[in-house]
Amino acid sequence: MTPAAHDNDPLPPKVIASLRCSVCGAPVGLVDRTLSCENRHSFDLARQGYVNLLHARIPSGTADTAAMVAARADLLGSGVYDPLADELATHAEDGLIIDAGAGTGYYLARVLDAAPGAYGLALDVSAIALRRAARAHERAGAAVWNLWEPWPVASDSAEVILNVFSPRNGPEFRRVLAPGGKLVVATPNPAHLIELADLVVSVDDRKAERVDATLGEHFTVAGRTEVTRTVELSPEQVRQVVGMGPSAHHLHRDGRQERLDAITEPVDVTTSFTVSVYRPVL
Ligand SMILES: C[S@@+](CC[C@H](N)C(=O)[O-])C[C@H]1O[C@@H](n2cnc3c(N)ncnc32)[C@H](O)[C@@H]1O
Ligand SMILES: [Zn+2]
């Protein structure tokens, strides 16, 4: 079971040690509830425990909305994607584990549970999601960041980078990962939620091989596992699965909302993911 919320130490010291000032790149320290560097750039912790290191505006249209985050938290909390969490947890290592595009921190917490000497950093552009991620595990901290920008994280600092259905910045993965570290990427397979194809927009329908191409210069594939299960979703869970993804923005199209409303019985659906492990090219 994931440890309960932690109010006293929202950014564990080992996480702070690997953070860098997003303005000048210097190390940062925490005094009261403010992170600051020697050049007096400072970043306040939010009441909910995450820190916003982003001085620029949050890029519009990329962050999940409150409704999407709530739907995702509810669905993940019901355990439907636990086989994926279990597979990710087999890749836990002691040291720093960064979840790039962590959302609510659900998978990061599960991976941290599997390595008592690990500590975690959830990076995401959605402050709404990070309110939950900041409390997801006592050994994790959370920072608002745009993954497409150079990360406010020390080079060679992470033993593991997790990337679960989120943007992939190959050069930053490479820089931040320790030479012996590994990048663990989860992608949905074409069969994922195939039974809901008329409700779910298939923008996530990326083949793992296409990810290899985007990471190719910096990483080689070290292993690949498929995680496929048939699960029974309640009508409520079907609505959560649709509402937590980009499909939520397209329900007005083609009678989708009406079809969703008409679901009153449980539905068997396929969940299917590939977990790929990459090692940095040295
Ligand atoms: C499909 S969700 C996956 C979240 C989480 N990994 C999970 O599976 O529960 C994608 C996440 O990527 C985040 N995201 C999208 N664009 C981003 C960016 N440019 N920088 C940081 N996070 C981003 C979203 O806010 C969202 O939390
Ligand atoms: Zn600074």
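To keep things clear, this report deals only with the structure shown in the data block. (Residues numbered from 1 in each chain as written. Chains lettered and ligands numbered in written order. Predicted model: local features only at pLDDT ≥ 70, side-chain atom pairs only at ≥ 80, totals over all residues. Heavy atoms only, no water.)

## Description of the site of ligand 1
So, step 1. Taken together, 20 residues are adjacent to ligand 1, and Gly-101, Asp-124, Asn-146, Leu-147 and Val-164 come closest.
So, step 2. Contact distances for ligand 1 include 2.9 Å between a nitrogen atom and a backbone N or O atom of Val-164.
So, step 3. A distance of 3.5 Å separates an oxygen atom of ligand 1 from a polar atom in the side chain of Ser-166.
So, step 4. For ligand 1, whose unbound accessible area comes to 590 Å², protein coverage reaches 94%.
So, step 5. Grouping the amino acids of the shell around ligand 1 by side-chain chemistry returns 11 nonpolar, six polar and three charged. (Near = heavy atom within 4 Å. Polar contact = N/O pair within 3.5 Å; in protein donor to acceptor, adjacent residues only side chain to side chain. Areas by Shrake-Rupley, 256 points an atom, 1.4 Å probe, with all protein chains shown as cover. Nonpolar A, V, L, I, M, F, W, Y, C, P; charged D, E, K, R; others polar.)

## Structural notes on the side chain of Ser-126
So, step 1. Tracing the chain through its elements places Ser-126 in the loop between strand S6 (118-124) and helix H5 (127-133).
So, step 2. Taking relative accessible area as the criterion, Ser-126 reaches 3% and is therefore assigned buried.
So, step 3. A polar side-chain atom of Ser-126 sits 3.0 Å from the main-chain amide nitrogen of Ala-129.
So, step 4. Apart from residues lying up to four places away in sequence, Ser-126 is in contact with Ala-63, Asp-64 and Val-69. (Helix = DSSP H or I, 4+ residues; strand = E, 2+ residues; numbered from the N terminus. Buried < 20%, exposed > 50% of the residue type's maximum accessible area, 1.4 Å probe, protein only. Contact = heavy atoms within 4.5 Å.)

## Examining the packing of aromatic side chains
So, step 1. Following the criterion strictly, the structure yields five aromatic pairs and no others.
So, step 2. Aromatic pair Tyr-81 and Phe-273: ring centres 5.2 Å apart, planes at 70 degrees, arrangement edge-to-face. Here Phe-273 lies in strand S11 (residues 267-280) and Tyr-81 lies in the loop between helix H2 (66-77) and helix H3 (82-89), a separation of 192 residues in the sequence. By the burial criterion, Tyr-81 is buried, and Phe-273 matches it.
So, step 3. Relative to Phe-173, the ring of Trp-151 has its centre 5.7 Å away and its plane inclined at 80 degrees; by these criteria the two rings are edge-to-face. (Phe/Tyr/Trp six-rings, centres within 6.5 Å; stacked < 30°, edge-to-face > 60°.)

## Remarks on the pattern of salt bridges
So, step 1. Evaluated as defined, the whole model comprises six salt bridges.
So, step 2. Between Lys-182 and Glu-93 there is a salt bridge whose closest N-O contact spans 3.0 Å. With Lys-182 in strand S9 (residues 177-188) and Glu-93 in the loop between H3 and strand S5 (95-100), this pair connects stretches of sequence that are 89 residues apart.
So, step 3. When the shortest N-O distance is used, the salt bridge between Asp-198 and Arg-259 registers 3.0 Å. (Salt bridge = Lys/Arg side-chain N within 4 Å of Asp/Glu carboxyl O.)

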